[in-house]
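Descriptive structure summary
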Amino acid sequence: MNNKQRFKDIVKKTEDKKDKLGRALMAFISGGLVAIIGQAVYDFFHLALDINESDSISLMLVFIIFVTTLLTGLGLFDKLAQKMGAGSFIPISGFANALTSSALESKSEGLIYGIGSNMFKLAGSVITYGIVSAYILGIIRYFALLIGGAL
Amino acid sequence: MNTIKFDNVYVVGSAITGGPVEKEGPLRDYFDKTYDDLYCESKTFEQAEQKLLKDSIDLVFKKTGLRDKDIDIMFGGDLLNQITSSTYVSRDYKIPLIGTYGACSSSMLTLGLASSYVNAGYANKALAFTSSHNATAERQYRYPTEYGVQKPDTTTYTATGAGAIIVSNIISDIKVTSATIGEVVDYEVNDANNMGVAMAPAAYDTLKKHFKDMNRDPSYYDLILTGDLSTYGKRIILELFKKDNIELNNYDDCGLIIYDRQKQHVFAGGSGCACCALTTYGYILDKMRKKELKKVLIVATGALLSPTLIQQKETIPCIAHAVSLEVLE
């Protein structure tokens, strides 16, 4: 036990300070940049092409997904993500990359056992808990409206 | 007693192959063959690793003028499930195989075993080989290659390449003098992105046992080399010895030799079976042949984790195996 404690002290002493602030700042700037690009694309569809609001949102999302997927396929997205951190992970680009990278990785095992069953390996959690939380929130909303209506 | 002393084991020859990042690194001149991309002219990454391994074995045969029938036994190991790189490549050779698993300690584990067989007289010539591939290891132990996740600075970069070495009981310029087989050590590190730190106590343990068994001081060696502890693990080794009042100034780590961390994006340094194999079988043996290094102790370190057990919140058991090499005067 003594040895393990001694080791833990040495680990603490020898590790470098983590640059959490730097990474958070980078995520803030790069994530904000993705948002600005998204807004610009949305404005283009909505204002310039006169497409209605909800369709413009969908088209903007498709645009970000397309660009992410393309960058993943070209082998550039992981390099960007190392710098951007949460800035690329949190927007829909993170989700698109999780799907594309898993699909690319499992290409060698064929369409069924490879891409088909592995594509959602990483993104599966997002879908599962997305549905679970939508379900729970749906119930809460239902009762909240019932109570609100009764009052 | 963890150490076996050898009386009559000598290095016949070795060969190393590498991938695109290794080719750009400081050891570029020591490779027998390199490839420009991770696929190595193969269809899948797994086949690419096999190709690198097969090339290294074929090249060591070519360099030494030996053939299948000259080798009595071979030992191989790699990082993949069911050690498939080693076993699939072995289909092409009519040599008895003992497949081993020691994670990244495979290089010295297989060399130590091959030397033991020769020393005991069970074999006249034995072959030891190992391989690792960045993409196959990432895939099995971490995430898809193109997955965009921010890695911490403590992460290491799995080397792509393979190394093969032949030892025999016929005198040559480099003698294998001993092998120290390590015990599994677990200091309760559970961060799979910080394996250098997790493995450092195992390397320390094996080193201490080696010095005790051989009744030697670390200063006996011109160079003590750990396999893939990288930046942070190296610091811990130095600190652990400092606590014993020993200043190690003849110590380095293969993970810091194989890549140039200033120019190459390899985080804390290199890792993987190939990291130690490429550095030792290429660079170190060359330095020994030129008599720039005469006594070298190599400690290959392995993290014996599986992704499943890490997800079950288990810690990382580690192991380290050492082999000492000396130039004959």
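Details of the structure are given in the entry above.
The following refers to the structure shown.

So, unusual backbone geometry
Residues and elements named next belong to chain B.
- Of note in the backbone geometry, alanine 103 takes a positive phi value of approximately 50 degrees without being a glycine.
- Alanine 103 sits in the buried class, given 29 other C-beta atoms within 10 Å.
- Of note, serine 230 is a non-glycine position whose phi angle comes to about 60 degrees, a positive value.
- Of note, serine 230 is situated in helix α7 (residues 230-243).
- A residue is classified by how many C-beta atoms lie within 10 Å of it, and serine 230, with 32 of them, is buried.

Description of the environment of B:Val176
All names here are of chain B.
- Examined against the element boundaries, valine 176 turns out to sit in strand β9 (residues 174-180).
- Residues valine 176 and lysine 54, spaced 122 residues apart in sequence, show a C-alpha to C-alpha distance of 24 Å.
- Other than its neighbours up to four places away in sequence, valine 176 contacts Phe6, Val9, Tyr10, Val11, Ser115, Val167, Val323 and Leu325.

Focus on the interface of chain A and chain B
- Residue-level contacts link 27 residues of chain A with 20 residues of chain B.
- Among the secondary structure elements, those contributing two or more residues to the side of chain A that touches chain B are α1 (2-14), α4 (77-84), α5 (86-89) and α6 (92-105) of chain A.
- With seven residues, α6(A) is the single largest residue contributor to the side of chain A that touches chain B.
- Here the residues of the side of chain A that touches chain B sort into ten nonpolar, eleven polar and six charged.

Some thoughts on α4(A)
Residues and elements named next belong to chain A.
- Those residues of α4 that fall on the buried side of the exposure criterion are Phe77, Asp78, Ala81 and Met84. The arc that holds the buried residues of α4, viewed along the axis, is 125 degrees, so those residues lie on one side.
- Where α4 is buried, its residues meet α2 (20-48), α3 (53-73), α5 and α6.
- Taken from the residues just after α4, glycine 85 is the one with a positive phi, measuring 60 degrees.

Let's talk about the packing of helix α6 (residues 195-213) of chain B against α7(B)
Residues and elements named next belong to chain B.
- The interhelical angle for the contact between α6 and α7, taken along N-to-C directions, is 35 degrees, at an axis separation of 8 Å. Our pair here, α6 against α7, has a crossing hand that is right-handed. Across from Gly196, Val197, Met199, Ala200, Ala203 and Tyr204 in α6, the residues of α7 making contact are Ser230, Tyr232, Gly233, Ile236, Ile237 and Leu240.
- For the contact of α6 with α7, the residue count by class is nine nonpolar, three polar and no charged.

Parameters and conventions
Residues numbered from 1 in each chain as written. Chains lettered and ligands numbered in written order. Predicted model: local features only at pLDDT ≥ 70, side-chain atom pairs only at ≥ 80, totals over all residues. Buried ≥ 20, exposed ≤ 12 C-beta atoms within 10 Å, placed from the backbone. Helix = DSSP H or I, 4+ residues; strand = E, 2+ residues; numbered from the N terminus. Contact = placed C-beta atoms within 7 Å. Nonpolar A, V, L, I, M, F, W, Y, C, P; charged D, E, K, R; others polar. Arc of directions from axis to C-beta. Axes fitted to C-alpha atoms, helices over the stretch in contact; angles between N-to-C directions. Left-handed = near helix turned anticlockwise from the far one by under 90°.

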